[in-house]
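An overview of the molecular structure
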Amino acid sequence: MSRLDWNNGEYLLDGQPIRIWSGAIHYFRVVPDYWRDRLEKLKACGFNTVETYIAWNVHEPEEGGFNFTGMADVVKFIELAGSLGLRVIVRPSPYICAEWEFGGLPAWLLKYDEIQLRCMNKAYLDKVDRYYDELIPRLVPLQSTHGGPVIAVQVENEYGSYGNDTAYLEYLRDGLIRRGIDVLLFTSDGPADEMLIGGTIEGVHATVNFGSRVKESFDKYREYRKNEPLMCMEYWNGWFDHWMEPHHVRDGDDVASVLDEMFESGASVNLYMFHGGTNFGFYNGANHIHTYEPTVTSYDYDSPLTEWGDITPKYKAVREVMLKHGASPASPLPEPAAKHAYGTVQLLEKGTLFSQLQLESWSGSRVDSPSILPMEKLGQSYGFILYSTWVRGPRTGQKLYIREVRDRAQVFLNGQLLGLVERWNPQPLDICVPEEGARLDILVENMGRVNYGPYLRDPKGITEGVLLDNQFQYNWTVQPLPMKPECLSKVVYTRTEAVQGTGQAQTAEEVREEPAFYRGHFEVDIIGDTFLRVDGWKKGVAWINGFNLGRYWEAGPQKALYVPGPLLKQGTNEIVIFELHACPGVPAVQFNDRPDLGDTAKLDERVLNFVQEEINED
C-alpha cells in the first residue's frame, strides 16, 4: 500500500520525496508477446514508471460490446509492469488524442445526432458512464493504494486545447472518485494561458506538455500553479508522420539536452513516446489544422526505442542523462529481437472487389437509400464504403461533385475508373453519360478520423451528397466494407500461374485499375520480425494470417510495414493484399530484414512548442 501525493513543490510517495521518471508505451500499439521486452528496455534505460493511455474504441469497438483480451488486455499490461518493479501512470480519459483514430473515441458515437463530444451533454456522458462502469472497476485493485503499481490517473487529456467546460472535467473527476479511484488525479495541457484556463480544475493536480523551451513552459505553468510539482506529462522527444510528408526525426543529443534541463529544474518527466509502436489495422488518426492530414501506419515517433523495439543512439543519450541524475538502469542492455528476410512472395490468387459484390454472400449488409448515408449511420466504423446508383443519360460535358468526401473516393462509370476525389483536393470530375445510362460506383476509404482540434467530429464516407452539375443524385445502394476477418473470409479467388522472376510485363487486364484482393502463401522455418515491402503497388491494406497490419501507400513516407514475429507461425503463412488501384506486372511482395520509414526531415522546432501556434496562424 502506498500513495503518491505532493507538497511544497515536490512529489511524495508515502511521505518521501520522489522523482517520476516515466516513459510512454501504449499496450494497444504493441503485440502482447513484446510487452515484457519493451517494459524491460524502459527499465534498463533508468526509468521507474511507465505511462499509457487507455483507448475507448479499443475496449468498446461496438456499442455495448466490451473487449479486454489480447492487445486490449490493459490489466495484464499493468500487472506485468508492476511485476517488473515499474510504477504506472494511467490516462483513461474518454478522449486521448495520441494520433489514434478519433482520439480514442468510438466511431459509433457519431450515429447519434444529439451527441455533443467532450462536454456536459447527457447523451455523451451516458455513454461515458457505461464505459467507465466496465473499465474503472478493473483499474481500482491495480492502484498503489490497493497494493498495485498505478500511482496516478488522468481526468481528461489536453482539454484546454479543445474546450472550456470545466463542469465536464469536474463530472469526470467525480465519476472516477465515485467508482473507487483514490490515487493522485491530474490533468495535462499545453503551457499556454487558454489551455491552462480551460483544461484545469481546482483540487486536481495540473501538468504540462511540451517539447522544448523548458524555462518558458514551466514559468507559464507557475503563473497558474505556484506550489505544485513541475511535471512535463508529455515531453515530445520525436514526432509522428503524415502521409505525403517526410519521416520526422529529432537529434538525440538535443533530446538529451532538453531532458537534462528539465531534471536540473527539479521537474519530473514522462517521455512521449519512449516506444511508439504501430497503428495496426485502421486505427491511425489524422490531424486537421490547415487541411486534413492522415497519419501513417508506423508510430515509430523517432522514439528512443524504435517501432520494432531496437535501441537507438537517442536511447543511449537519454540513458546517460538518467545516470547523471541518479538513476540505476539495468545492465547489460537487452538484445534486439531477431530480424529475418523471407524473400519474395508471389500473390497468385486474385478476387476483384466488384466481382465479389455480385455474390450472394456479400449482400447481407447492403442498404438501399434514397440519399447518401455516412458509415456511422449504417453501424460501420472503419474500412471502406461503396455507393452505387444508375445515372440516366444522355449527359454531356457535366461535372461530378462529391460534397464532403471523407476521405478518398475512387469514382467508376460502368466499371471504368473516372478519377479520384480526395478530401485534401476535392476537385470535380468530368463526366459524360451515354443515352442508355450508366452505373456509377463511388468507393470511399476512411483514412482515419481526426484526433485533435476543432474538427474532431469526423463522420466518414460521403456526408453531404453527390451532384452532377447542380443536381443531387438520389436512389443509392450502399455497401459497407469494414474489412473485418469475416469480410475477408468471403472472398472468392481465381488462381493464376506462377511467374518466373519479377518482370514488369503486364497484360491489358492487369493494367486496368480496379480494386482487388490478392492472396499468397509463404513458408517460415525460423520466426522473427520482418518488414513487408509492397514496391510497385499503389495503395491498400495488408493482412498477415488474418491480422490487419495497416495501410500502405506509394505517396510515402513509409515504404515498409512492420511485421512482428509473433504474428507468424512455423510452416505456411498467408498474406492478403487489398489493392485499390493496380498491382505490379507480377503481383509480388517482399519480406526484408530492414525497416524503411522513408526519407527523413529534421523536426521543425516550432512544432515542439505545441500545435496551437499553427492553429493561431490559420
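To start, this report covers the structure provided alongside it. Since this is a predicted model, take the numbers as computed values, not measurements.

Considering the side chain of Glu 156
- Topologically, Glu 156 is positioned in strand S7 (residues 150–157).
- With relative accessibility at 1%, the residue Glu 156 sits in the buried group.
- Polar contacts involving the side chain of Glu 156 include one to the side chain of Arg 118, which spans 2.9 Å.
- Glu 156 has contacts with Ser 93, Tyr 95, Arg 118, Tyr 168, Leu 169, Leu 172, Thr 187 and Ser 188, leaving out every residue within four places of it along the chain.

Digging into the packing of helix H7 (residues 214–222) against helix H8 (residues 252–264)
- Running from N to C, H7 and H8 cross one another at 40°; their axes reach a closest spacing of 10 Å. The angle between H7 and H8 falls in the class oblique. Considering the relative orientation of H7 and H8, their crossing is right-handed. When H7 is examined against H8, the residues Val 214, Lys 215 and Phe 218 are found in contact with a partner set consisting of Val 258, Glu 261 and Met 262.
- Across the contact of H7 with H8, the residue classes break down as four nonpolar, no polar and two charged.

Structural notes on the environment of Ile 526
- Take Ile 526: it is sitting in the loop between strand S28 (516–524) and strand S29 (530–533).
- Residue Ile 526 is classed as exposed on the basis of its relative accessible area, which comes to 55%.
- Separated by 45 residues in sequence, Ile 526 and Gly 571 have C-alpha atoms that sit 9.2 Å apart.
- Sequence-distant contacts of Ile 526, that is, excluding residues within four places in its chain, are made with His 340 and Tyr 342.

Points about the nonpolar core
- One finds Tyr 124, Leu 532, Ile 575, Ile 577, Val 589 and Phe 591 to be the most contacted residues of the largest nonpolar core, which totals 135 residues.
- Counting residues per element, this core draws most heavily on helix H4 (residues 122–139), which supplies eight residues.
- Not counting residues up to four positions away in its chain, the partners in contact with Val 589 are Gly 343, Thr 344, Val 345, Leu 347, Leu 532, Arg 533, Val 534, Trp 537, Ile 575 and Ile 577.
- Of all hydrophobic cores here, the second largest spans 24 residues; its members include Met 375, Tyr 387, Ile 402 and Leu 440.

Here's the deal with the pattern of salt bridges
- With the rule as written, the count across this model stands at 47 salt bridges.
- Across the salt bridge formed by Glu 349 and Arg 519, the nearest N and O atoms sit 2.9 Å from each other. You can see Glu 349 sitting in strand S16 (residues 349–352) and its partner Arg 519 sitting in strand S28, a full 170 residues away along the chain.
- Overall, the relative accessible area of 12% leaves Glu 349 in the buried class.
- Taking relative accessible area as the criterion, Arg 519 reaches 23% and is therefore assigned partly exposed.
- Residues Glu 445 and Arg 551 are paired through a salt bridge, measuring 2.9 Å at the closest nitrogen-oxygen approach. Placement of Glu 445 in strand S23 (residues 438–445) and of Arg 551 in strand S31 (residues 547–553) is noted, with a sequence separation of 106 residues between them.

Calculation criteria
- Along every chain, residues carry numbers that run from 1 in the direction the sequence is written.
- Selection of residues for local features in this predicted model requires a pLDDT of at least 70, selection of side-chain atom pairs for listing and counting requires 80 or more, and totals for whole chains, interfaces and linings are taken over all residues.
- With hydrogens and water stripped out, all remaining heavy atoms of the structure feed into the side-chain values.
- Secondary structure elements follow DSSP: runs of H or I no shorter than four residues count as helices, runs of E no shorter than two count as strands, and numbering proceeds from the N terminus.
- Three labels apply to residues, based on accessible area from a 1.4 Å probe with only protein chains included: buried if under 20% of the type maximum, exposed if over 50%, partly exposed otherwise in between.
- We define a polar contact as two N or O atoms separated by no more than 3.5 Å, with the added condition that, inside protein, one atom must be a possible hydrogen donor and the other a possible acceptor, whereas residues neighbouring each other in sequence contribute only through side-chain atom pairs.
- Contacts: residue pairs with any heavy atoms within 4.5 Å of one another.
- Between N-to-C directions, angles cover 0 to 180 degrees, with each direction set by a line fitted to C-alpha atoms, over the stretch in contact for helices.
- Roughly parallel here means an angle under 35 degrees, roughly antiparallel means over 145, roughly perpendicular means 65 to 115, and every remaining angle is called oblique.
- It is the rotation of the near helix from the far one that decides the hand of a crossing: anticlockwise by less than a right angle makes it left-handed, clockwise makes it right-handed.
- Side-chain classes are defined by residue name, with Ala, Val, Leu, Ile, Met, Phe, Trp, Tyr, Cys and Pro counting as nonpolar, Asp, Glu, Lys and Arg as charged, and the others, Gly among them, as polar.
- Each nonpolar core is a collection of buried residues, namely Ala, Val, Leu, Ile, Met, Phe, Trp, Tyr and Cys, held together in the definition by side-chain atoms within 4.5 Å.
- One speaks of a salt bridge when a side-chain nitrogen belonging to Lys or Arg is within 4 Å of a carboxyl oxygen belonging to Asp or Glu.

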